[in-house]
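# Commentary on secondary and tertiary structure
Given next are the chains, with one letter for each unit.
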Amino acid sequence: MVVPKFKGTIQSDRSSPIKLVSVLLLIAFLSYASSFKLNGSEIKWDALENVVASYHLWTNGVISLDGDKPSYFREPLPIALGAFHIALFTDIPKFNSKATLDDEFDDEGRISQAKLKYPRELMANAHYRLQISYINLFYIAGCLLVVCWLTKLLTGSYAWSAVSVVITWVFFYYNYYYLYRPLSEYPSSFFIMLSSGLMILLLRSKSVWLAILLGLTLGALALTKAATLYVSVVAIFIVYSALVIFKKMTALQAFRMMLATALSLGMVVAPWMLRNKLVFDDFAITQRGGGVLLTRAFKNQMTDDEYIGAWYVYAPAELKRITLFKQAFHGDGAATRYARLYRNRPGDVEAIEAGNVDAATSYFCKSRAFLKKLAKKDGLDAKGADLQAEKIAKHMIKNDLAKHLKTTPVFAWRQLWSFGNTNPVQPSAGGIFAVIINFACFFALLAMPLIAIIRKQPEWFLFSIFPFGMFWFHALLSHAIPRYSAPLIPTAIIALILLAQALIKRLNK
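These remarks concern the structure in this document. (Residues numbered from 1 in each chain as written. Predicted model: local features only at pLDDT ≥ 70, side-chain atom pairs only at ≥ 80, totals over all residues. Heavy atoms only, no water.)

## Quick look at the side chain of Ser71
Note the threshold: In DSSP terms, a helix is any run of H or I states spanning at least four residues, a strand is any run of E spanning at least two, and both are numbered starting from the N terminus. Type-normalised accessible area, obtained with a 1.4 Å probe on protein chains alone, sets the label of each residue: buried when under 20%, exposed when over 50%, and partly exposed for intermediate values. Whenever a nitrogen or oxygen atom comes within 3.5 Å of another N or O atom, the pair is scored as a polar contact, on the condition that within protein one atom can donate a hydrogen and the other can accept it, and that pairs from neighbouring residues in sequence are kept only if both atoms are in side chains. Contact between two residues is taken to exist if any of their heavy atoms lie within 4.5 Å; hydrogens are not considered.
Relative to the helices and strands, Ser71 resides in the loop between α2 (45–60) and α3 (76–89). According to the relative accessible area criterion, Ser71 is buried, its value standing at 11%. In terms of polar contacts, Ser71 uses its side chain to reach the backbone amide nitrogen of Phe73, at 3.0 Å. Filtering out sequence-adjacent residues up to four positions away, Ser71 remains in contact with Ile63, Ser64, Leu65, Trp272, Arg275 and Phe280.

## Let's talk about the pattern of salt bridges
So the rule is basically this: A pair is scored as a salt bridge if a Lys or Arg side-chain nitrogen falls within 4 Å of a carboxyl oxygen belonging to Asp or Glu.
For the structure on display, the rule yields 13 salt bridges. The partner of Glu49 in a salt bridge is Arg74, and the shortest N-O contact between them spans 2.6 Å. Pair noted here: Glu49 is in helix α2 and Arg74 is in the loop between α2 and α3, with a separation of 25 residues, a long-range link. Exposure remark for Glu49: the relative accessible area of 0% places this residue in the buried category. Accessibility expressed as a relative area gives 7% for Arg74, which makes it buried. The partner of Glu185 in a salt bridge is Arg483, with the nearest N and O atoms 2.9 Å apart.

## Description of the environment of Gln287
Checked against the element boundaries, Gln287 lands in the loop between α12 (251–280) and α13 (289–299). For Gln287, a relative accessible area of 12% puts it in the buried group. Distance in space between the C-alpha atoms of Gln287 and Ile437 is 35 Å, their sequence separation being 150 residues.

## Quick word on the packing of helix α14 (residues 304–313) against helix α21 (residues 401–416)
To be explicit about the condition: Only the contacting stretch of a helix is used when fitting its axis, a line to C-alpha atoms as for every element, and angles between N-to-C directions run 0 to 180 degrees. Throughout this description, any angle smaller than 35 degrees is read as roughly parallel, any larger than 145 degrees as roughly antiparallel, any in the 65 to 115 degree range as roughly perpendicular, and the remainder as oblique. Two helices crossing with the near one rotated counterclockwise from the far one by less than a right angle form a left-handed crossing, whereas a clockwise rotation gives a right-handed crossing. Each residue is assigned to one of three groups, with Ala, Val, Leu, Ile, Met, Phe, Trp, Tyr, Cys and Pro labelled nonpolar, Asp, Glu, Lys and Arg labelled charged, and all others, Gly among them, labelled polar.
For the pair α14 and α21, the least separation of the axes is 9 Å and the interaxial angle reads 20 degrees. Judged by the angle between their axes, α14 and α21 are roughly parallel. Note that α14 runs across α21; the crossing there is left-handed. When α14 is examined against α21, the residues Asp304, Tyr307, Ala310 and Trp311 are found in contact with a partner set consisting of Lys406, Thr407, Pro409, Val410 and Trp413. Looking at side-chain class alone, the contact of α14 with α21 contains six nonpolar, one polar and two charged residues.

## Re the environment of Phe255
Topologically, Phe255 is positioned in helix α12. Among the residues examined, Phe255 registers a relative accessible area of 48% and is labelled partly exposed. Considered as a pair, Phe255 and Phe237 are 18 residues apart in the sequence and their alpha carbons are 9.2 Å apart.

Structure below.
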């Protein structure tokens, strides 16, 4: 048996086409294998909101949650792709009715953050739900292709590309949490990796067309994950500054390229933001930012004892089973002692519906109850309450900025554990081995910009700077549930592969 050599430079040889075809066949097989995990399970919350908006876009030509009024509750690109999928790849009919599913509830409780109105038959049929979830197979195939391309770009090796494809599939693209429902994590991971690859190509070719394509990609990413728009604006400046510092461009060249990227980004997001300004008097991509920031502001109120306990509460289940870890953070009584740090406690749902902040136990539900209270007290709609919540949250954070900065590391810790089940109540990486891999990958990714500077590796710096910024953006300005860092899993895995390749090369020498 001949063991393939992991080489760090791009080489053109006769076996390259065979290696490429082999990796492509691997991607096709893994994408097909993913289909066996789909079973038409019920779809609720974020994914349900995407499905309903996609259905109304297909049937009425407007992004809406009720089929009548336009909405900007969620990002438009996944909704548009979902509508395209329903139209071409399902046998779902255009129903005549617009029955509600008991407003926001079913027999098991709340099903959505927003008031939805859609034909009951759409989501009651397991066959239709299964067909809707098949969109993820297209996402998986596309993402694995980009994983292969980006790894090959950085390592020059199809062997490492195959390793990267398999590991990302095992820990992310085969994860049932994302696989059975149409969320935005898969497409956003695609655009994140594509933008990282384009930054590397810019380093090599300095083409203005690549600069434009980078802007278009970042614009598509912003319409998939709204928060990335803020990261993109900063990242664009850092990328072109780095190209000057690494002496890959002159300052004038970098300015021209940066302008091309910024303008193309603006061309993608401006129509949607202008639509929202005209319809909702709000330039934001989505209307949910205030609620997220308010949750973080409430959680900043944790006591010093709760701060210590948060390292336990926000840890994966595998770590919580370790005796020393449990003892160090008082884990035995965590459910009672740190009750306010958990997502829901008994009576919290009722407190939210009543808008009774004091009656809610958890910080998360206190913030939700506060939103409901704003709407009831001031007669605000969902958009108005969210905008008011954003102002209040900013004021709370500004008044206690030191506490906000103090809690940021613990939210970074929480966000770290995105492998496996990313349930905010009980995250689990799927075994202690997965926990170790999870930590190692994100440690590699977050250390990569510094390592790149020390080792004078501009490609490593450009590859990692956007994921690095996205991670810390959520850690600083959100309650940083593990799912927020899930789109970064592929780049985190590639970062660890890069370090592994460098270590193997040094050992070989």
